Amino acid sequence: MHTEISITLFDNKQVEEYLKSLVVETQDLASPVLRSVSICTKVEEAFRQAHVIVVLDDSTDKEVFTLEDCLRSRVPLCRLYGYLIGKNAHESVRVIVGGRTFVNLKTVLLMRYAPRIAHNIIAVALGVEGEAKAVLARKLKTAPSYIKDVIIWGNISGNNYVDLRKTRVYRYESAIWGPLHYSRPVLNLIFDSEWVKREFVAILKNLTTTGRQFGGILAAHSIATTLKYWYHGSPPGEIISLGILSEGQFGIPKGIVFSMPVKFENGTWVVLTDLKDIEISEQIMTRMTSDLIQEKLVALGDKIHFQPYQSETELRKKDKRISLLIADDSQEEQVSDGHKDLVPDEEKNLVMSDEYPIGTVAHTCNPSNLGGRGLRIA
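Residues numbered from 1 in each chain as written. Predicted model: local features only at pLDDT ≥ 70, side-chain atom pairs only at ≥ 80, totals over all residues. Heavy atoms only, no water.

Condition: UniProt positions are given in the numbering used here, feature names are shortened, and annotations may be inferred rather than shown by experiment.
For the chain, the name recorded in an unreviewed UniProt entry is Putative malate dehydrogenase 1B, with Pongo abelii as its organism. The annotation that UniProt attaches to the chain under Sequence similarities (unreviewed entry) is "Belongs to the LDH/MDH superfamily. MDH type 2 family."

A closer look at the environment of W269
Rules: By definition, any uninterrupted DSSP run of H or I lasting at least four residues is a helix, any uninterrupted run of E lasting at least two residues is a strand, and each is numbered from the N terminus. Buried residues are those whose accessible area, probed at 1.4 Å on protein chains only, stays under 20% of the maximum for their type, while exposed residues exceed 50% and partly exposed ones sit between those limits.
Residue position: W269 is located in strand β13 (residues 268–271). For W269, a relative accessible area of 17% puts it in the buried group. When the C-alpha atoms of W269 and I244 are compared, they prove to be 9.6 Å apart, with 25 residues separating the residues in sequence.

Some details on the environment of K42
In this structure, K42 sits in the loop between β2 (34–40) and β3 (52–55). Here K42 falls in the exposed class, since its relative accessible area comes to 52%. In the structure, K42 is positioned 32 residues away from F10 in sequence and 8.3 Å away in space, judged by C-alpha atoms.

Quick notes on helix α5 (residues 126–140)
Convention followed: Multiply 1.5 Å by the residue count of a helix minus one, and that product is the helix's expected span.
Over its 15 residues, α5 extends 21 Å from the first C-alpha to the last, a length consistent with the 21 Å expected when each residue adds 1.5 Å. For α5, the full list of buried residues reads L126, G127, V128, E129, E131, A132, K133, A134, V135, L136, A137 and L140. The first or second residue beyond α5 is K141, which carries a positive phi of 60°.

Remarks on the nonpolar core
To keep it simple, the criterion reads: What makes a nonpolar core is a set of buried Ala, Val, Leu, Ile, Met, Phe, Trp, Tyr and Cys residues whose side-chain atoms join them at distances within 4.5 Å. By convention here, the domain bounds are inherited from an automatic or database domain assignment. Note on definitions: a residue-residue contact is assigned when non-hydrogen atoms from the two residues lie within 4.5 Å.
If you look at the biggest cluster of nonpolar residues, it comprises 57 residues, and the most contacted ones within it are I53, V95, L136 and F200. When residues are assigned to domains, this core turns out to be shared by domain 1 (5–123) and domain 2 (125–273 + 280–301), each giving three or more. If we ignore the near neighbours within four places in the chain, the residues touching L136 are I147, V150, L164, T167, V186, I190, W195 and F200. Within the second largest apolar cluster, 31 residues are counted, among which are V54, L126, I240 and F264.

A closer look at the sheet that holds strand β10 (residues 183–185)
Definition in use: Two strands are counted as paired when DSSP detects at least two bridges linking them.
Spatially, β6-β9-β10 is the arrangement adopted by the three strands of the open sheet, whose pairing is antiparallel. The sheet is open, and its two borders are formed by β6 (147–148) and β10, each paired with just one other strand. Pairing of strand β9 (residues 168–170) with β10, which is carried by three bridges, proceeds in the antiparallel orientation. Bridge pairing in β10 links V169 to R184.

A few points about the environment of G243
With respect to the helices and strands, the residue G243 is situated in strand β11 (residues 240–245). Through-space distance from the C-alpha of G243 to that of I122 is 5.8 Å; in sequence the pair is 121 residues apart. Setting aside residues up to four positions removed in sequence, G243 forms contacts with I122, A123, I156, V257, F258 and S259.

Below, the structure is given as structure tokens:
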């Protein structure tokens with residue numbers, strides 16, 4: 001027998017008509033597990049006796065033009081939601097945070113402002129995991145569901161590391177064939193290592209920087225799957241990525257929300273600290289943790305400017321580029337004005353471009369991507 005659920009869609013009064021249309025669509029599903037669906041636009045009534053809360057992206061009340069403004073704009077709502085969740089929700093409430101932007105930051109802020117249930121607040125990483133599996137499946141000409149154990153480390157909606165060292169593919173059509181439980185390491189089947197290092201990373205990075213990742217269907221499936229695992233356990237032996245508060249595992253600094261490998265069992269999750277050969281290089285780990293620490297400090301007003309992490313190698317390259325630019329400027333002074341105009345502006349500025357290294361994803365601060373109605377399901 002299925003457990004029946006009642007859904008409440010919470011948002012501000014300005015989007016009430018949109019919420020009503022969602023209610024009708026949901027009712028049209030005629031789902032046997034859906035008891036009722038309603039809307040809430042009164043802040044004081046939000047999350048009343050909710051057993052599960054899903055927090056998605058929130059539209060901003062004003063335009064934001066800098067990364068720092070984007071980060072600080074998350075605090076007021078997270079403070080309000082944290083207070084309301086602690087006050088109104090059921091004592092055993094489970095909170096799942098998703099969306100396209102600042103997922104880790106929103107999660108750690110909700111933990112800060114709802115300390116009573118901080119242990120029951122998690123960030124969904126299955127969307128990024130699914131994207132990576134789909135890209136690999138297209139390369140191997142197989143089904144994404146046949147690919148298991150992709151590990152997402154770090155910032156779910158920002159600077160993360162997709163780890164394929166434990167990734168395996170099942171039911172792969174090749175000269176070697178076995179029973180359904182037989183699998184092979186993905187990295188042994190992709191002979192083009194440059195594709196993994198460059199094109200694979202570039203495809204995933206493009207999904208994040210353009211804000212196209214975690215669309216409606218993917219978001220719904222990722223959240224529903226995470227909830228199913230949380231209540232009923234994840235598949236035995238399978239590695240799941242999840243954003244949780246670090247307690248120092250894998251050398252990750254305490255106090256930040258970080259995506260790492262876990263399994264679900266007995267209504268909770270267990271970090272897979274016993275996995276072998278998954279050490280992360282100091283440079284990659286520092287890059288990811290530095291950005292997450294700075295996000296939190298900037299959002300809370302303890303730091304004014306966000307400064308993306310740069311390794312010593314990148315700093316030396318940047319110094320070299322600046323030196324080249326100065327040298328080019330000196331030479332340009334000797335060129336006649338008529339010839340100067342023949343140099344395109346794009347090429348003049350190219351030497352100053354500072355690309356993120358292979359294997360990382362840059363932060364995005366596109367105000368259009370910060371929108372989207374933030375529907376909470378309580």
